[in-house]
Each structure stands twice: as structure tokens, then as C-alpha cells.
Amino acid sequence: MPLASTRRTGLVDQVISQLRAQIDSGEWGIGDRIPTESELSDQLEVGRNTVREAVRALAHAGLLEIRQGAGTFVRASSELGGALRRRLERSRLRENLEVRRALEMEAARLAALRRTEGDLAEIERALALRDEAWRTQDMGTFVETDFAFHRAVVHATHNPLLIELYDDIASVVYDSIAHSAHIEPTQDDLDHDRLGAAIRDGDAGRALQEAACYLDELVSRADDSDG
């Protein structure tokens, strides 16, 4: 989506609207670095102070994050997502895992009912990469591919709101995966093949049960960690 030049009235609000549209459309995804202040100023044909004010407003709303020396990054896809992310970052591990549990169990059930062949290919690819990373004890890649697997399951629901909510808490999910990977994992942590098979077979009840199995274990261990 190309950025269009703005009119000369209500410039800050117009810039905010255009930047928000880039986020809403997915042109700028969560975690992406947006163009620099100078680049945005040129594209929008407004002064850098106007761009700076608009970016600060979106950062205050929780959609953008300004990192000194690194740039500005998309933090959430909506004000709700920004508020949710800030709230989760103040929560205990157990609370975060319970939110993750609620989303991922429903995602597993819906994915079994709605998955396409393309979805199955993404899920199976992530599983294969995850298993290989564990076999070679490449823990950084293991965390990345485990997260990719869970996100692929969520995307297989084809529920835009559920996908958006999951993306909004992606950093919390990623951190919980990393935390689990660096303590002694259980077999349920390691073996997601049964969940993948249930989704492939279109068995919603079994997919829900398999998701509950590893998520309940994570919540249980979080109780011990918080205690």
C-alpha cells in the first residue's frame, strides 16, 4: 500500500490515519521496523515534526515502539492489542500461560475443522524443523520453530480476530516457549506430532485434548516457578 501525500489541514491526524492504515492492512506487521522519520516525511510530503508527533501518538497508544538508536517498530495491530500487551507484560508467568492456553486450545479445535491443505503443509513444515532443531540441540532454532508451529495452528483457524489477538500477544507466547525450552522439558513439550495428526485428521475433540495436555503441564510448572 503506497503512502499518499497529505493535505495541509489536520496534518498530524492525517499522518496518524495513514500510518495506522499501514498497520491495519498488514503492510507493516508486528515486529517490523517502519521507515525512518526522514523517509516518512518525504513520502507524506510533511515536515519531520509532524511525522514525529504522529509516531509519538501511536507509540502512546501502544501500536508503535520507539527504540533509541534502532528505529521505530510495530508493537501491536490495534489499541486493544497494545493495551493487552502492556497488561500481559505486567502479569505473572502463570497468568500469561492461562491466556495462551485459552487461545491455543480453541485454535486447535477450530484448526481441525477448518484447515486447508496449505495450512497442513505449514504445520507439518514447522513440526519437521522443530524436531530437527531438538535433535541437534539448537535451542534458538527450536524456540523459533516451536513458535512457528503454534502460530501456524492459529492461522489455520481462519478466524481473523483470533489471529490478531494471538499476534498481539506473540512476544509473551515466544517468551513462555523460551522459558520452557531452558528448563527440563516433558515428553508433551517435545511431541506435538499428535496435535498435528489430530488437526490433519479433522478430529476437533482430539486436537483440543492434545493442546490441553501440553498447556496444562506448562501452567502446572508455572505454579511451581511462581511459588
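**Q** Pulling in residues and values, what's your account of helix 11 (residues 193-201)?
**A** Residues of helix 11 that are buried: L195, G196, A197, A198 and I199. Taken from the residues just after helix 11, G202 is the one with a positive phi, measuring 75°.

**Q** Describe the packing of helix 2 (residues 37-44) against helix 3 (residues 48-60), naming the residues involved and giving the relevant values.
**A** Any two packed helices are characterised by how steeply their axes cross, that is the angle between the axes, and by the distance between the axes. Close contact between helix 2 and helix 3 brings their axes to 9 Å; oriented N to C, the two are set at 110°. Considering the angle they form, helix 2 stands roughly perpendicular to helix 3. Like other packed secondary-structure pairs, helix 2 and helix 3 cross with a definite hand, here right-handed. Taking contact as the criterion, the partners of E37, S38, L40 and S41 in helix 2 are, on helix 3, R48, V51 and R52. Looking at side-chain class alone, the contact of helix 2 with helix 3 contains two nonpolar, two polar and three charged residues.

**Q** So what's going on with helix 7 (residues 139-155)? Which residues, and what values?
**A** Between its first and last C-alpha atoms helix 7 spans 24 Å; for 17 residues at 1.5 Å apiece the expected length is 24 Å, and the two agree. Looking at helix 7, one finds that the buried residues are M139, F142, V143, T145, D146, F147, F149, H150, A152, V153 and V154.

**Q** If you had to explain the confidence of the model for the chain to someone new, which residues and values would you point to?
**A** Across the chain, the average pLDDT comes to 85, with 84% of residues at 70 or higher. Across the chain, helix 11 holds the top mean pLDDT of 95, while helix 10 (residues 187-190) sits lowest at 54.

**Q** Hey, could you go over the nonpolar core for me, with residue numbers and the actual values?
**A** Nonpolar side chains tend toward joint burial in soluble globular proteins. By size, the foremost hydrophobic cluster in this structure holds 41 residues, and its most contacted members are I123, F149, V153, L195, I199 and A207. For this core, the secondary-structure elements that each account for two or more residues are helix 5 (93-114), helix 6 (117-135), helix 7, helix 8 (160-168), helix 9 (170-181), helix 11 and helix 12 (204-226). Setting aside chain neighbours within four positions, we find I123 in contact with F149, A152, V153, A156 and I199. Membership of the second largest hydrophobic core comes to 18 residues, among which are V12, L19, I23 and L44.

Rules used in this analysis
Residues numbered from 1 in each chain as written. Predicted model: local features only at pLDDT ≥ 70, side-chain atom pairs only at ≥ 80, totals over all residues. Heavy atoms only, no water. Buried < 20%, exposed > 50% of the residue type's maximum accessible area, 1.4 Å probe, protein only. Helix = DSSP H or I, 4+ residues; strand = E, 2+ residues; numbered from the N terminus. Axes fitted to C-alpha atoms, helices over the stretch in contact; angles between N-to-C directions. Parallel < 35°, antiparallel > 145°, perpendicular 65-115°, else oblique. Left-handed = near helix turned anticlockwise from the far one by under 90°. Contact = heavy atoms within 4.5 Å. Nonpolar A, V, L, I, M, F, W, Y, C, P; charged D, E, K, R; others polar. Expected span 1.5 Å × (residues − 1). pLDDT = per-residue confidence, 0-100. Core = buried A, V, L, I, M, F, W, Y, C linked by side-chain atoms within 4.5 Å.

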